[in-house]
Amino acid sequence: MSGRLDDRTVLITGAASGIGAACARRLAAEGARLLLADLDGPGADKVARELGQWAVQADVTRATDIDRMVNAAYERWGRLDVLFNNAGVVQAKPLLDVTEDDWDRIMSVNLRAAFFVLQAAARRMAKQDLLPASELRGKLIHTASIASYRGGLPLLAPYSASKAGLVSLSRTAAQVLAPHRITSNCICPGVVDTPMWKQIDRDWTALEGWAPGEAWKRRAAGIPLGRPERAEDLTGLVVFLASADSDYMTGQAVNVDGGLVMGN
Ligand SMILES: NC(=O)c1ccc[n+]([C@@H]2O[C@H](COP(=O)([O-])OP(=O)(O)OC[C@H]3O[C@@H](n4cnc5c(N)ncnc54)[C@H](O)[C@@H]3O)[C@@H](O)[C@H]2O)c1
């Protein structure tokens, strides 16, 4: 093998679909060994079978599932080199209509679960040997969003708050875990053509009385690089963050959005 990630062990959450699945394909092509976790067990199995990798059904909002998922990685490999903490949910709804249930559902996956997955992985990584030929024990990568930085997304108040919270958690983790030789960074996608954006389009067009697809078209029209983002556009950054090339980088949040947000 001669990939950039030969034999590196990686746990991906939200791996059945969209960004998680696209990154699984690219990481596997770079030689990584993958554990693909998703609420959608058959979906994760399908991607795993395609790639000759391995899947586990897990709801990251459940502590027992987090334990089972992280334990599975350690039972199989004896270590976990990289966590790609990527599972997420969205809902587009006017701020004045958001209910406590709406708030809790978004926060429980995007922020609460992301934290406890990070914590479970970091607890184990802190006790493992250094990666071969490396100063590090492990690497954490979290999927935040350009919504982390921005007001101006009036239908995504809880979602944006959850992703801002995730960037904050990642930075605190970067500080706390640096002495343990674990890095923590976020990727911030823009407007990506995945089932998640199909749901935003469904919610948003229903609110506006627009034809299906219209919200997507309007949002994508503002992208400076002139086309919507594909999940594959994020895979290069994730390979970089999983590889030794990013070993001296921690506490960062990197936009890959076709220029939609320039600066933080
Ligand atoms: N699509 C975009 O435009 C966009 C932009 C910025 C950030 N993101 C973020 O990217 C990440 C991936 O989203 P995507 O666009 O690929 O969407 P997606 O809907 O295609 O994939 C999300 C995956 O997460 C899984 N998931 C949801 N809840 C889960 C749970 N409780 N336990 C385990 N798995 C769960 C889903 O089953 C699904 O497979 C999310 O964190 C999302 O917030 C997406």
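In what follows, the accompanying structure is described. Remember, predicted model here, so these are calculated numbers, not experimental data.

What counts, and at which threshold
- Residues numbered from 1 in each chain as written.
- Predicted model: local features only at pLDDT ≥ 70, side-chain atom pairs only at ≥ 80, totals over all residues.
- Heavy atoms only, no water.
- Salt bridge = Lys/Arg side-chain N within 4 Å of Asp/Glu carboxyl O.
- Buried < 20%, exposed > 50% of the residue type's maximum accessible area, 1.4 Å probe, protein only.
- Helix = DSSP H or I, 4+ residues; strand = E, 2+ residues; numbered from the N terminus.
- Axes fitted to C-alpha atoms, helices over the stretch in contact; angles between N-to-C directions.
- Parallel < 35°, antiparallel > 145°, perpendicular 65-115°, else oblique.
- Left-handed = near helix turned anticlockwise from the far one by under 90°.
- Contact = heavy atoms within 4.5 Å.
- Nonpolar A, V, L, I, M, F, W, Y, C, P; charged D, E, K, R; others polar.
- Phe/Tyr/Trp six-rings, centres within 6.5 Å; stacked < 30°, edge-to-face > 60°.
- Lys NZ or Arg CZ within 6 Å of the ring centre and 35° of its normal.
- Near = heavy atom within 4 Å.
- Polar contact = N/O pair within 3.5 Å; in protein donor to acceptor, adjacent residues only side chain to side chain.
- Areas by Shrake-Rupley, 256 points an atom, 1.4 Å probe, with all protein chains shown as cover.
- Domains from an automatic or database assignment.

### Examining the pattern of salt bridges
Charged atoms that come close allow side chains of opposite charge to pair.
Right, on to step 1. Here the structure, examined in full by the defined rule, presents 13 salt bridges.
Right, on to step 2. The partner of Glu-30 in a salt bridge is Arg-26, and the shortest N-O contact between them spans 3.3 Å.
Right, on to step 3. Judged by its relative accessible area of 14%, Glu-30 is buried.
Right, on to step 4. Across the pair Glu-214 and Lys-217 runs a salt bridge, and its minimum N-O distance is 3.6 Å. Of this pair, Glu-214 and Lys-217 both sit in helix H7 (residues 214–221), three residues apart, roughly one helical turn.
Right, on to step 5. Overall, Lys-217 belongs to the exposed group, its relative accessible area being 53%.

### Here's the deal with the packing of helix H1 (residues 18–29) against helix H8 (residues 235–242)
Right, on to step 1. Running from amino to carboxyl end, H1 crosses H8 at an angle of 55°, the nearest separation of the two axes being 9 Å. Regarding the angle of H1 to H8, the classification is oblique. The hand of the H1/H8 crossing is right-handed. In contact with Ala-22, Cys-23, Arg-26 and Leu-27 of H1, H8 contributes Thr-235, Gly-236, Val-238, Val-239 and Ala-242.
Right, on to step 2. The residue inventory of the contact of H1 with H8, partitioned by class, reads six nonpolar, two polar and one charged.

### Quick word on the environment of Ala-113
Right, on to step 1. Position of Ala-113 among the secondary structure elements: in helix H4 (residues 100–125).
Right, on to step 2. Under the relative-accessibility criterion, Ala-113 is labelled buried at 3%.
Right, on to step 3. On a C-alpha basis, the gap between Ala-113 and Asp-65 in space is 11 Å, while along the polypeptide they are 48 residues apart.
Right, on to step 4. Residues in contact with Ala-113, not counting those within four places in the same chain, are Val-60, Thr-61, Ile-66 and Ser-108.

### A short note on the environment of Ala-206
Right, on to step 1. You can see Ala-206 is positioned in helix H6 (residues 195–208).
Right, on to step 2. Through-space distance from the C-alpha of Ala-206 to that of Leu-95 is 16 Å; in sequence the pair is 111 residues apart.

### Focus on the packing of aromatic side chains
Right, on to step 1. Taken as a whole and judged by the stated rule, the model has five aromatic pairs.
Right, on to step 2. With centroids separated by 6.0 Å and ring planes inclined at 35°, the aromatic side chains of Trp-204 and Trp-210 adopt a geometry described as tilted.
Right, on to step 3. A relative accessible area of 22% places Trp-210 in the partly exposed class.
Right, on to step 4. Pairwise contacts between aromatic rings join Trp-197, Trp-204, Trp-210 and Trp-216 into one cluster.
Right, on to step 5. Over the ring of Tyr-74 we find Arg-124; its NZ or CZ atom is 4.3 Å from the centre of that ring.
Right, on to step 6. Of note, Arg-218 hangs over the ring of Trp-210, and the distance from its end group to the ring centre comes to 4.0 Å.

### Here's the deal with the site of the ligand
Right, on to step 1. Around the ligand lies a shell of 29 residues, among which Ser-17, Ile-19, Asp-38, Tyr-159 and Thr-194 are the nearest.
Right, on to step 2. Asn-86 is positioned with one of its backbone polar atoms (N or O) 2.9 Å from an oxygen atom of the ligand.
Right, on to step 3. Between an oxygen atom of the ligand and a main-chain N or O atom of Gly-190, the distance comes to 3.4 Å.
Right, on to step 4. Calculation on the ligand without its partners gives an accessible area of 830 Å², and the protein chains cover 92% of this total.
Right, on to step 5. For the shell around the ligand, the secondary structure elements donating two or more residues are H1, helix H5 (157–177) and H6.
Right, on to step 6. No other element matches the three residues that H6 contributes to the shell around the ligand.
Right, on to step 7. Of the residues in the shell around the ligand, the class split is 16 nonpolar, 10 polar and three charged.
Right, on to step 8. Two domains share the shell around the ligand, each providing at least three of its residues, namely domain 1 (9–190 + 232–248) and domain 2 (192–228).

Functional significance is not addressed by these values, which are geometric in nature.
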